[in-house]
Each structure stands twice: as structure tokens, then as C-alpha cells.
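Residue-level structural notes
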There are 2 protein chains.
Amino acid sequence: MIGPMETRASSTSTGKCEDCPIRHRAVCAHCEAEELAQLEAIKFYRSFEAGQHILWEGDRMDFVASVVSGVVALTRTLEDGRTQMTGLLLASDFLGRPGRENAPCHATAATDVTLCCFRRQPFDRLMQSTPHLSHRLLEMTLDELDAAREWMLLLGRKTARERIASFIAMIARRQGGLRGAGPLHLDLPLTREAMGDYLGLTIETVSRQVGALRRDGVIVLDGLRGVTVPDPARLLAECGDERRPARQ
Amino acid sequence: MIGPMETRASSTSTGKCEDCPIRHRAVCAHCEAEELAQLEAIKFYRSFEAGQHILWEGDRMDFVASVVSGVVALTRTLEDGRTQMTGLLLASDFLGRPGRENAPCHATAATDVTLCCFRRQPFDRLMQSTPHLSHRLLEMTLDELDAAREWMLLLGRKTARERIASFIAMIARRQGGLRGAGPLHLDLPLTREAMGDYLGLTIETVSRQVGALRRDGVIVLDGLRGVTVPDPARLLAECGDERRPARQ
DNA sequence: CGTAGTCTTGAACCGCGTCAAGCTTGGTGG
DNA sequence: CCACCAAGCTTGACGCGGTTCAAGACTACG
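Anyway, here's the lowdown on the structure attached to this text. (Residues numbered from 1 in each chain as written. Chains lettered and ligands numbered in written order. Predicted model: local features only at pLDDT ≥ 70, side-chain atom pairs only at ≥ 80, totals over all residues. Heavy atoms only, no water.)

Bringing the relation of the copies chain B and chain A into the picture now. Each copy of the chain is related to the other by a rotation around an axis and a translation along that axis. Here chain B sits on chain A after a turn of 180° about the axis and a move of 0.0 Å along it, with an RMSD of 0.0 Å. Both copies are brought into coincidence by an operation consistent with a two-fold rotation axis. When the interface residues of chain B are mapped onto chain A, 100% of them are again interface residues, pointing to one common binding face. (Least-squares fit on C-alpha atoms with pLDDT ≥ 70 in both. Contact = heavy atoms within 4.5 Å.)

The next point concerns the protein's contact with DNA strand D. Taken together, 14 residues are adjacent to DNA strand D, and Ala160(A), Thr205(A), Arg208(A), Ser207(B) and Arg208(B) come closest. In DNA strand D, atoms within 4 Å of the protein come from the sugar-phosphate backbone in 63% of cases. A distance of 3.2 Å separates a phosphate oxygen of DNA strand D from a polar side-chain atom of Thr202(A). For DNA strand D, a phosphate oxygen lies 2.4 Å from a polar atom in the side chain of Thr205(A). Looking at the surface near DNA strand D, the elements that each hand over two or more residues are α6 (203-215) of chain A together with α6 (203-215) of chain B. (Near = heavy atom within 4 Å. Polar contact = N/O pair within 3.5 Å; in protein donor to acceptor, adjacent residues only side chain to side chain. Helix = DSSP H or I, 4+ residues; strand = E, 2+ residues; numbered from the N terminus.)

Residue and element names in this part refer to chain B. Taking 1.5 Å as the rise per residue, helix α4 (residues 160-174) with 15 residues should run 21 Å; its terminal C-alpha atoms sit 21 Å apart, in good agreement. Of all the residues in α4, the buried ones are Ala 160, Glu 162, Arg 163, Ile 164, Ala 165, Ser 166, Phe 167, Ile 168, Ala 169, Met 170, Ile 171 and Ala 172. In the segment just after α4, Gly 176 is the residue with positive phi, at about 105°. (Expected span 1.5 Å × (residues − 1). Buried < 20%, exposed > 50% of the residue type's maximum accessible area, 1.4 Å probe, protein only.)

What follows deals with the sheet that holds strand β11 (residues 220-222) of chain A. Residues and elements named next belong to chain A. Spatially, β10-β12-β11 is the arrangement adopted by the 3 strands of the open sheet, whose pairing is antiparallel. Of all the strands in the sheet, the pair left with one neighbour each is β10 (184-187) and β11. Strand-to-strand twist of the sheet, defined as the mean angle between neighbouring strand axes without regard to direction, takes the value 25°. Of the pairings in the sheet, the one linking β10 to strand β12 (residues 226-229) comprises 4 bridges and is antiparallel in character. Looking across to β12, one finds that Leu 186 is bridged to Val 227. (Pairing = 2+ DSSP bridges. Axes fitted to C-alpha atoms, helices over the stretch in contact; angles between N-to-C directions.)

Once that is clear, we can look at the sheet that holds strand β6 (residues 83-89) of chain A. One open sheet accounts for 4 strands, arranged β3-β8-β5-β6 (chain A); its pairing is antiparallel. Of all the strands in the sheet, just β3 (53-55) and β6 of chain A have a single pairing partner and so form its edges. Averaged over all neighbouring strand pairs, the angle between strand axes comes to 35°, with direction disregarded. Relative to strand β8 (residues 106-109) of chain A, β3(A) is paired through 2 bridges, and the arrangement is antiparallel. Looking at the pairing, Leu55(A) lines up with Ala107(A) of β8(A). With respect to the sheet, helix α3 (residues 131-157) of chain B is in contact with β5 (72-77) and β6 of chain A, its orientation differing from that of β6(A) by roughly 130°.

Once that is clear, we can look at the pattern of salt bridges. Across all of its chains, the model carries 37 salt bridges over all chains by this definition. Residue Glu150(B) is joined to Arg76(A) by a salt bridge in which the shortest nitrogen-to-oxygen separation is 3.8 Å. Residue Glu150(B) is located in helix α3, and its partner Arg76(A) is located in strand β5; the two belong to separate chains. Take Glu150(B): its relative accessible area is 30%, and that puts it in the partly exposed class. Through salt bridges with shared partners, one network takes in Arg60(A), Glu101(A), Arg120(A) and Asp124(A). (Salt bridge = Lys/Arg side-chain N within 4 Å of Asp/Glu carboxyl O.)

With that settled, consider the nonpolar core. Leu88(A), Phe167(A), Ile168(A), Leu88(B) and Phe167(B) are the most contacted members of the largest nonpolar core, which has 78 residues in total. Beyond its immediate stretch of four places on either side in the chain, Phe167(B) contacts Leu88(B), Trp151(B), Leu188(B), Leu190(B), Met195(B), Tyr198(B) and Leu199(B). Counting 48 residues, the second largest nonpolar core, distinct from the first, contains Ala26(A), Ile42(A), Cys116(A) and Val27(B). (Core = buried A, V, L, I, M, F, W, Y, C linked by side-chain atoms within 4.5 Å.)

The next subject is the packing of α3(B) against α4(B). Residues and elements named next belong to chain B. Close contact between α3 and α4 brings their axes to 10 Å; oriented N to C, the two are set at 160°. Classified by the interaxial angle, the pair formed by α3 and α4 is roughly antiparallel. Contact residues: α3 offers Trp 151, Leu 154 and Leu 155, while α4 offers Arg 163, Ser 166, Phe 167 and Met 170. Considering only residue class, the contact of α3 with α4 consists of 5 nonpolar, 1 polar and 1 charged. (Parallel < 35°, antiparallel > 145°, perpendicular 65-115°, else oblique. Nonpolar A, V, L, I, M, F, W, Y, C, P; charged D, E, K, R; others polar.)

This is how it looks when you write it as C-alpha cells:
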């Protein structure tokens, strides 16, 4: 899983917060000029190549971070090696647990990743004094909890085919499309193996069900990572998702 | 699922915060006397019988609440009726989403339940002005997120037997025992059906695996709900849980 | 052209779901 | 006190979806 080059990350300096592509969606979204300046004083960028480990479960965390670009996978593992991805962090998502010493799970770069890191202790202190910051973090954490619960439904009750469809729909949603009815193109940010780990399936089942959706015309493949969805409504119908149940 | 008596809850009045059994673990844990008084002004108690619905998915929520006693189940449902429990709230846990209008999932009383409710809008306002409150809520939400992720690992990768063992271990942990090595008694707060919904299994599989653990001497049953664990270490070994993996 | 990494495909197996009875328990009423 | 009933739980037989194991195909990169 980890490449030949051990956990070594390059550090880039600087970059103005004002020009930051995630400025208005990340933890810092609600911050005002002065608060931003305080954050800027304790921030530094780090980059990771696809496959590198960012954090180990149980590690002492000395920073928290916003994902600037790329995809970070959070995973947990059983003693015999079975692995489950428990979160997928995309641009603007937050990595780390303020107020906690140790990481609750592994974090791996699923693609090349750039993080905007904050040293943990100054960040914790800043949280105390900056309601805009802690309020935004609560908001983001609640959203993540909702996402985790939706994923529990998928893992507990959906068929393999529904899981694949749901995954593609989720990526489509987060990459911005999937509102109008028009055809829609997207790129899968994960290998088949990582998809399996996310969906609670084996790599073979992922491959077979992607193939089945392709044969049935729900998706069109364009290389291994590219996917075109000719009819988004059709894709959504494959997800098995809930509609509001009639009351009683 | 719902009993013959529709969603009708009795309202009890009063009860001093100082004497409250969950005073030091709930959202109000860090609050000081004056803050507590403000909370007390907007609070009211509600009781629900086992099986009653507390909230419907998508409902407008006009209150948030702390669980004073009993067990609340959060569930989500697919269009064809498949159900997954996404959270289990025990005494001191928090129900509801400040800052959100609508409930993200059904909430049902799994046992008789007493809630300490706060009207939502005053509570939201209080959150803005009371860092102790929002800070504690962030803490609790992060814990819940961790719990949700642990459950994702269970749902995605554990066998039926491991799921049952993990569930019993979780209940043991939350009911206070499970630290020393001595034998240990606990009561399951859920029916077999609810356990199935929580564990992503059918009721038959739950029944069979509980039976298997009994036959293998891991647990001793005492009626349908009572469980004695003669050797807690043995139970933990059945959970398949992670140990820290050797680093590379 | 060769090799390694990633993905696909096929065949056999098995764990859990499904369906269908029975059993236990507690409550109700004769 | 027992007959009856409904709800919840257990048990068995069977089938299917997804895993496992084992090749093979594709792609990228020397």
C-alpha cells in the first residue's frame, strides 16, 4: 500500500489566504481579516504524493490541516489486515482533531495532495478565542457526521451494485455536476482497490459491478478513471436511496 | 414498528439541573451557574414509551435534547424498507442538530426514554453567546464521529459473529464495566430486531450468532436481555478488533 | 519488446439472507 | 388456575450474492 518512498513530504512555503481556492469553504470560511492574519501566522503548506502516509493511527498529531487539493483517505484496519475506509477528504475538508493528542485513524494521500497545515497547539488556542473558527468547525463536523451516517446505511444495507452507483453519484455531486439532467463527466479519484476499501467490497466485486453498470448503459467508461453519465436520473435510480416515507 | 398508540409523548415539568444525573457529562457539562440558569429557562422534559417515534426524517425540529435516561435509536431507511440504525444515544448523549432546520434521520425510543429538551431557537442563540456550550457540543460531536467510523469498520468488514461480540462489548463499556478482568453482567437495551438494524444483519443471523457465542461459553444468557460475560478478555478477542499495526 | 502494476474475468465456495415452521414468554379473560 | 393469543425469539433447509483463488488482459514505462 505504501510506495517505495517512505513517509516523506515536501514543504512548500507561503501563499496568501486571500487568493486561496478554498478560502470560503474551509475552516477559515467565516474568519475576518484579523483572524485570518492570526491563522496565516501559524500555517504552512505540505505536499504528499499519491500513496504516501500522512498520519498513522495512534500517532501524536502535531498539526491539523485543510485539504487544499487532492484526496485524503482515512482508513481503519482489523488485526488480520481487513481494511475499511472511514472517510474521504476532498478540497476544503478538515483533517485532524483539535483537542485530541492522537490520530483516530490512518490518513493516506489517495492522489497527490496539498495540505494547509496549522500547528496544533496554537490552533487549539486560536479556537478558544475565535468563535468564527470553532463555529465553522462544528458545522463541518456535523456535516461529516451526516456523511458518515449515510455511509453506514450503504455499508449495512446496500447491494454491491447500489454501492458503486452511490459512490459515482457522490463523486459527481462533489465535483460540482449532478443537478441538471444533462450528460455529465467525472473522474474517479480512487483506484479499484481504494474503492473496495471505501465501499466494503473486494476489488473483484468492484470491477464486476462497474462492468455491469457499463454494460447496462448507466455509465460510459473513458479509460480506467474517466466516467461519463449519459442520464444522471438513471444513475440516481440505481442507488436504492431513500425517498421520504409516507407517515404511518 | 410503531405501537398502536401514535407519537404521543407525555410532558413532565421541572427537575433541578443541580440534581441531574447527567449534569457532568451532557452538553451542559462545562456550564457555570449563570449559564445553567439560562438553559434551565428554556428546558422542559418529555417522556416516550419504548417504540414511540420521537422525530421523523426530514421533520422540522423545534427542539434539541439531552437523553436523561433510556435509549434512543437513530435510523435511516431505503425506499424498499431496508433499515439501518446509524446511531444509538444513551444517557447524556445529545439529540438534534443546532443550526439545522430538519432532522437528518428518524429517532425512535428503543426503551422508555426521558429527554431534557431545549427549544431550538433560544438554544441556537445561547450557543452563540456561550463558548462552554458550543465547545462541549463540538467535543461530543467529534466523539460521535469517531464512534460512527468505528461502526463503519464493523459494517464494512466484520463477520456476523464479530459484530455481535463487538456490540456486547460496546454495551459493556458504556454500562461502566469492562475494565477489570472479572466476570461482568449487562442488559441488552435492544430487541433482536433492533440489534439486527444496528449491526447490518437479519434478525435470524443475530439470533444464531448470539446462540453460537452462548454455546461456545463466551457469554451466558439470563433471559432474553440479560448477558453475563465470564471472561471479558475472551469477549474482546472475539471482536476481531485492531491492534496497532507494526509501522512498515 | 519486456516487465510491473492495475484491472478484468472465470469457476468454485461459503456466509448470510430468505422462507417457513416451531418455541417461549407474558398478558388477558374465562 | 388454565386456555388462549400475540409478540418476540429460535431453529432448520435452501439459495444467492459476494468472496476467494487463479488466470489472463490491458496500460504505462523502460
